[in-house]
Amino acid sequence: MTSRALPDNPFVAAGMIEDPRLFVGRQDELHAIASRMKGDQPTSINIVGDKHIGKSSLLDYFVRTWQQRVLDNTSHYVVIYLPLRGVDCQTETGFYEAVAEGLLNHVQGWQQRSLQNPWKTKPLNRQAFSDAVKEWKQQGKLPVLCLDDFESLLKYPDKFDNGFYDNLRSLMDSSALTLVVASRKQLDVYANEYRFVSSFFNIGHTISLKELTTDEAIELSRLPTRSRIGAALSIDEQNHAQQWGDRHPYKLQLAGYYLWEARQQGKAIKWAKQEFDQQLTDPKSKAKGKWWQLLLRWLFWDLPVRLGRIAKFIGGAVDDVSNWIIGMVILLLLVLVLVGVLHWNQVWDFVRDKLGIK
């Protein structure tokens, strides 16, 4: 994002929505998380969805508002949001320490001493973490960890092995720990890809995060500014946002962001659309496409031409087109040798014959 949002712009074109007043929709998903968390036997959940579909915003909003959905015995739960992409979660001990810090930051002052003690063991290794969680269960506390960007752990398979996941699964099965894990693919898919055998990856329940409903998309386009009552966008601008973004949360946010900014800067809607389209273009896709173009050019033009220029070293005089033709022939002959159709001597005899070498 090259442009900087003006203070009253309510649309979040990149990153997580941190202001609960600007969060729209996902009521079914929020209810599902809460209902499984407060069951007699709490069930862990895997939130699955594509990039920019709103997984991080959903987890953060749930952590900020879960008490509105769990009205009874709220003191039983300690719910935290933990982004696994942080540097603190690149080792197993780092993960446990990040969890401990998050949990204790959400505990009321009068409970601190009895709930802090289980986490004082140093180093806070797998056994110490397990013991601390079980001690919390005895004290009537259920840690609920909303883990974002699960793929980050998969980058370190030597740090987070089957034993790590088995331990989490054991704590989940004993109702001492509940996880809400956000990932782009279902956990069992990652288990196959990375050859994990832990039962952790067969997590209790999966929620697929899709596009918003039509009503939710309309509601998002009508977000108010932070400083005044009423929609930030005009009716015409709202219609443009809905057309450009359809029902995709990120695209709707992006459209609203530039439409609002265009009006504030006295620019035309055409400018907003250009900025919107430009931001949607994935620079990685461009780079990948360019890489493939360069590879194909090298393979089907540069390499044959260079091979063809061999003729110049043995007395021939040919231009690049002729070089390309000769090079393609040589390249084809090399392939035939590699697959066993021809022998090297046959290739050399052919080259000498065509170039007039005795």
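The coordinates are above.
Residues numbered from 1 in each chain as written. Predicted model: local features only at pLDDT ≥ 70, side-chain atom pairs only at ≥ 80, totals over all residues. Heavy atoms only, no water.

Novice: So, the overall build of the protein: which residues are in play, and what are the values?
Specialist: In terms of helices and strands, the protein carries 16 helices and five strands. For the protein, the proportion of its 358 residues judged to be buried stands at 43%. For the protein, the share of sequence-separated contacts (at least 6 apart) that also reach a separation of at least 24 residues comes to 70%. Taken as a whole, the protein presents about 19800 Å² of accessible surface, with 52% of it coming from carbon and sulfur. (Helix = DSSP H or I, 4+ residues; strand = E, 2+ residues; numbered from the N terminus. Buried < 20%, exposed > 50% of the residue type's maximum accessible area, 1.4 Å probe, protein only. Contact = heavy atoms within 4.5 Å. Areas by Shrake-Rupley, 256 points an atom, 1.4 Å probe, with all protein chains shown as cover.)

Novice: Quick rundown of the packing of aromatic side chains? Include the residues and the values.
Specialist: Inspection of every chain in the model, using the stated rule, returns 23 aromatic pairs. Aromatic pair Y190 and Y194: ring centres 6.4 Å apart, planes at 55 degrees, arrangement tilted. Of the two residues, Y190 and Y194 are both situated in helix α8 (residues 187-194); the distance of four residues between them amounts to about one turn of the helix. The exposure class of Y194 is partly exposed, given its relative accessible area of 39%. Of note, K273 hangs over the ring of W244, and the distance from its end group to the ring centre comes to 5.8 Å. (Phe/Tyr/Trp six-rings, centres within 6.5 Å; stacked < 30°, edge-to-face > 60°. Lys NZ or Arg CZ within 6 Å of the ring centre and 35° of its normal.)

Novice: Tell me what's going on with the sheet that holds strand β1 (residues 45-48), and back it up with residues and numbers.
Specialist: Taken in spatial order, the five strands line up as β2-β3-β4-β1-β5 in an open sheet, and their pairing is parallel. The outermost strands of the open sheet, each flanked by one partner alone, are β2 (77-83) and β5 (205-208). The mean inter-strand angle of the sheet, taken between neighbouring strand axes irrespective of direction, is 15 degrees. Relative to strand β3 (residues 142-148), β2 runs parallel, the two sharing seven bridges. (Pairing = 2+ DSSP bridges. Axes fitted to C-alpha atoms, helices over the stretch in contact; angles between N-to-C directions.)

Novice: Kindly report on the side chain of D60, identifying the contributing residues and their values.
Specialist: Mapping D60 onto the fold places it in helix α2 (residues 55-65). When sequence neighbours within four positions are dropped, the list of residues in contact with D60 reads M16, I17, E18 and Y81.

Novice: Let's hear about the nonpolar core: which residues, and what values?
Specialist: Among the nonpolar cores identified, the biggest contains 43 residues, and F95, W119, F150, Y165, L179 and F200 are the most heavily contacted of them. Counting only elements with at least two residues in this core, the list comes to β2, α3 (92-105), α5 (126-138), β3, α6 (151-154), α7 (162-173), β4 (178-183) and α8. Per-element accounting of this core gives the leading share, seven residues, to α3. Setting aside residues no more than four positions away along its own chain, F95 makes contact with L82, L84, D88, C89, L147, F160 and F164. (Core = buried A, V, L, I, M, F, W, Y, C linked by side-chain atoms within 4.5 Å.)

Novice: Can you break down the environment of I269 residue by residue, with the values?
Specialist: If you trace the backbone, I269 turns up in helix α12 (residues 269-280). Relative accessible area serves as the criterion here: at 30%, I269 is assigned to the partly exposed category. With 32 residues separating them along the chain, I269 and E237 place their C-alpha atoms 8.3 Å apart. Among residues more than four places away in sequence, those in contact with I269 are D236, H240, W244 and L259.

Novice: Tell me what's going on with the pattern of salt bridges, and back it up with residues and numbers.
Specialist: Oppositely charged side chains can form a pair if their charged atoms are brought close together. Tallied over the full model, the rule gives 10 salt bridges. In this structure, R85 and D148 form a salt bridge, with 3.6 Å as the shortest nitrogen-oxygen distance. With R85 in the loop between β2 and α3 and D148 in strand β3, the pair connects residues that are 63 residues apart, well separated along the chain. A relative accessible area of 47% means that R85 is categorised as partly exposed. Classification of D148 by relative accessible area gives buried; the value is 2%. Look at the salt bridges and you will find they share partners, linking E92, R126 and D161 into a network. (Salt bridge = Lys/Arg side-chain N within 4 Å of Asp/Glu carboxyl O.)

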